[in-house]
Amino acid sequence: MEPNPLRELIVGVNHRVPVRDGRKVVYANLDNAASTPALKAVKQEADQLLEWYASIHRGAGYKSQLASEWYELARQDILEFIGADPDTYCAIFTSNTTDAINRLARKFPVDADRSVIISWAEHHANDLPWRERGRVLRTPVNDEGWIDPDHLDTVLQREGRRARLVSVTGAANVNGTVQPIGELARVAHRHGIPLAVDAAQLAPHRAIRLNDMAEEERPDFLMFSGHKMYAPFGGGALVGRREFFDRTAPAVRGGGAVRLVEPDGVDWLDAPEREEAGSPNVLGAVTLAAAARELQRIGFEEMDQVEMILTRRLLQALERIPGSIIYGITDTARMQDRLAVVSFNLEGIDHALVAGVLAYEGGIGVRNGCFCAQPFVMQMLGLTQEQAFAFRDKMRNGHKIGIPGSVRISFGLYNTNEELDHALMLLQALAEGEFRDAYRQDPSTGAFHPADGVPSYSDHIHELRMEEPAFWAGRNHTRFP
Ligand SMILES: Cc1ncc(COP(=O)(O)O)c(C=O)c1O
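Residues numbered from 1 in each chain as written. Predicted model: local features only at pLDDT ≥ 70, side-chain atom pairs only at ≥ 80, totals over all residues. Heavy atoms only, no water.

### With respect to the pattern of salt bridges
Part 1 of the reasoning: For the coordinates displayed, the defined rule picks out 32 salt bridges.
Part 2 of the reasoning: As a salt-bridge pair, Arg-7 and Glu-419 come within 3.4 Å of each other at their nearest N and O atoms. Residue Arg-7 is located in the segment before strand E1 (16-18), and its partner Glu-419 is located in helix H13 (residues 417-431); the two are separated by 412 residues in the primary sequence. We note that Arg-7, like Glu-419, is buried.
Part 3 of the reasoning: With a shortest N-O distance of 2.3 Å, Glu-275 and Lys-107 are connected by a salt bridge. Placement of Glu-275 in the loop between strand E12 (265-268) and helix H8 (282-298) and of Lys-107 in the loop between helix H3 (97-106) and strand E5 (111-119) is noted, with a sequence separation of 168 residues between them.
Part 4 of the reasoning: Residue classification places Lys-107 among the buried residues on the basis of a relative accessible area of 5%.
Part 5 of the reasoning: A cluster of three or more residues bridged by salt bridges with shared partners is formed by Glu-215, Arg-218, Asp-220 and Arg-241. (Salt bridge = Lys/Arg side-chain N within 4 Å of Asp/Glu carboxyl O. Helix = DSSP H or I, 4+ residues; strand = E, 2+ residues; numbered from the N terminus. Buried < 20%, exposed > 50% of the residue type's maximum accessible area, 1.4 Å probe, protein only.)

Below, the structure written as structure tokens:
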């Protein structure tokens, strides 16, 4: 099998972790839809900035001015990354997608009569912030999690002038289904309503080129996170139309966002500064921009090729595992309709046990549960309302044994066939009944841990910090759940 040359571009991919049989194996992160490791180019830029930064925007010193310029160049890179015209759009730095959506939501005054339309396939980040602003309506999705533009049209017709925004995911985080963003924008715009796209999953995997889209198909707002696109945590972006930000009150208020402050009045700056009160996260912005540049340099087609080979193989292999249930698009001829995010279950085996076995037996990280998208997962699993209610009561009582969910494997540009083969071998063994007795379930979290104890993560951290053994010896050794 061909090695993956893109793996060279990522830091930390050869680190070994302990597994249950006492060996140490190279960790395989198959949970890239949650967070990706960093690109080498990103680390390099972070290292440089740590040596050169100083207060930005208000300092007269050389380092201050250098850091200010660095930050503004990062802003330009973000617009360039999605092909947004800087005269029309501006990039506001946020801490992640959740923060970006919350900031956008705060721009809409609370009004119980007005509505925001989302879909049934949203991450909680693109659902909860809208609830406090007014009514939230959900446009339906099919079993694959796909939003039908005709259904959106029907919702908007019914809602009429009460609708004020459509906000949908660019790709479902649960199962990778890519949404028809251009068509959804066309429908929303026909009704005179702007479209916001939660691009947390889309941005790292698909080239977004606003300038190449017809005006009526262009989203008005886009939000994404650095930690899902090979930059560290803490950097995110809200890109939107300047004109909207300039005519609405800032979502966050304080220094750096103002032209003039009088005891009883304030003159706000124009966007994006207007929306960035407080000292900005320069490191988050600069690393996000470094990732954006590097992803463009590598090329989306190149990355997609790697990710889709793995996805196709995973889908085909899962079909052969007895009792496997795959959610979403399974047809390997329709890879353009999906990202490399595969959600599945093994019949009769708790999704948390599958994730636990992959972690403790194989040093493989995957995600399980509801992926912060509980309403969609209930639909995806085909639960009746009664079943959903029963689980709701259980969860309210903090009892997480047997709660519904699935396992999610998601690939990044650096993953390999070997990593996938290792995961498949364990899934096959699980389906054949191995490992069950070696694990215990924690009722408060639903997670499975080996009955004979888990590694001491704090020891590992102290080791990484190169602390003196005398300082930390004896604390928190192997714990037993
Ligand atoms: C589609 C989608 N939207 C929003 C988020 C929230 O992103 P963050 O945690 O970076 O704010 C996620 C994270 O998984 C996501 O997948």
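### Some details on the side chain of Glu-361
Part 1 of the reasoning: With respect to the helices, strands and loops of the structure, Glu-361 is situated in helix H10 (residues 351-362).
Part 2 of the reasoning: A distance of 2.5 Å separates polar atoms of two side chains, one belonging to Glu-361 and the other to Tyr-439.
Part 3 of the reasoning: Once residues within four sequence positions are removed from consideration, Glu-361 is found in contact with Val-19, Arg-20, Arg-23, Gly-356, Leu-426, Phe-435 and Tyr-439. (Polar contact = N/O pair within 3.5 Å; in protein donor to acceptor, adjacent residues only side chain to side chain. Contact = heavy atoms within 4.5 Å.)

### Regarding helix H2 (residues 62-81)
Part 1 of the reasoning: The terminal C-alpha atoms of H2 lie 28 Å apart, and with 20 residues this matches the ideal 28 Å at 1.5 Å per residue to within 8%.
Part 2 of the reasoning: Buried within H2 are the following residues: Ser-64, Ala-67, Ser-68, Trp-70, Tyr-71, Ala-74, Arg-75, Asp-77, Ile-78, Leu-79 and Phe-81.
Part 3 of the reasoning: Buried positions along H2 lie against helix H1 (40-52), strand E4 (89-94), strand E9 (221-225), strand E10 (236-241), H8 and helix H9 (300-320).
Part 4 of the reasoning: Note on H2: the residue one or two positions beyond its end, Gly-83, has a positive phi of about 65 degrees. (Expected span 1.5 Å × (residues − 1).)

### A look at the state of the cysteines
What we call a disulfide is simply a covalent bond connecting the sulfur atoms of a pair of cysteines.
Part 1 of the reasoning: One pass over the full model with this rule turns up zero disulfides.
Part 2 of the reasoning: Between Cys-370, a cysteine without a disulfide, and Cys-372, which holds the nearest cysteine sulfur, the sulfur-to-sulfur distance is 9.1 Å.
Part 3 of the reasoning: Here Cys-370 falls in the buried class, since its relative accessible area comes to 11%. (Disulfide = S-S within 2.5 Å.)

### A word on the pairing of E12
Part 1 of the reasoning: Of the strand pairs in this sheet, strand E11 (residues 258-262) and E12 are connected by four bridges, and their pairing is antiparallel. Counterpart to Leu-260 in the pairing with E12 is Asp-267.
Part 2 of the reasoning: Counted along the chain from E11 to the antiparallel partner E12, the turn is two residues long. (Pairing = 2+ DSSP bridges.)

### Quick notes on the packing of aromatic side chains
Both the distance between ring centres and the angle between the ring planes are used here to describe each pair of aromatic rings.
Part 1 of the reasoning: A complete count under the given rule lists ten aromatic pairs for this structure.
Part 2 of the reasoning: The interplanar angle of 50 degrees and the centroid separation of 5.2 Å between the aromatic rings of Tyr-71 and Phe-93 together place this pair among those described as tilted. Linking Tyr-71 in helix H2 with Phe-93 in strand E4, this pair joins segments that are 22 residues apart in sequence.
Part 3 of the reasoning: Residues Phe-81 and Phe-224 carry aromatic rings whose centres are separated by 6.0 Å and whose planes lie at 65 degrees to one another, so their mutual orientation is edge-to-face. In this pair, Phe-81 is assigned in helix H2 and Phe-224 in strand E9, connecting sequence segments 143 residues apart. There is no split in this pair, since Phe-81 and Phe-224 are both buried. (Phe/Tyr/Trp six-rings, centres within 6.5 Å; stacked < 30°, edge-to-face > 60°.)

### Overview of the environment of Asn-32
Part 1 of the reasoning: The topology assignment puts Asn-32 in the loop between strand E3 (28-29) and H1.
Part 2 of the reasoning: When the C-alpha atoms of Asn-32 and Val-366 are compared, they prove to be 8.4 Å apart, with 334 residues separating the residues in sequence.
Part 3 of the reasoning: Filtering out sequence-adjacent residues up to four positions away, Asn-32 remains in contact with Pro-37, Ser-410, Phe-411, Gly-412, Tyr-414 and Asn-415.

### Some points on the site of the ligand
Part 1 of the reasoning: Taken together, 13 residues surround the ligand, and among them Thr-98, Asp-198, Ser-225, His-227 and Lys-228 come closest.
Part 2 of the reasoning: At 3.4 Å, a side-chain N or O of His-123 approaches an oxygen atom of the ligand.
Part 3 of the reasoning: The side chain of His-227 places a nitrogen or oxygen atom 2.6 Å from an oxygen atom of the ligand.
Part 4 of the reasoning: Surface burial for the ligand is 89%, taken as the share of its 390 Å² of free accessible area covered by protein chains.
Part 5 of the reasoning: Residues of the shell around the ligand, tallied by class, amount to two nonpolar, nine polar and two charged. (Near = heavy atom within 4 Å. Areas by Shrake-Rupley, 256 points an atom, 1.4 Å probe, with all protein chains shown as cover. Nonpolar A, V, L, I, M, F, W, Y, C, P; charged D, E, K, R; others polar.)

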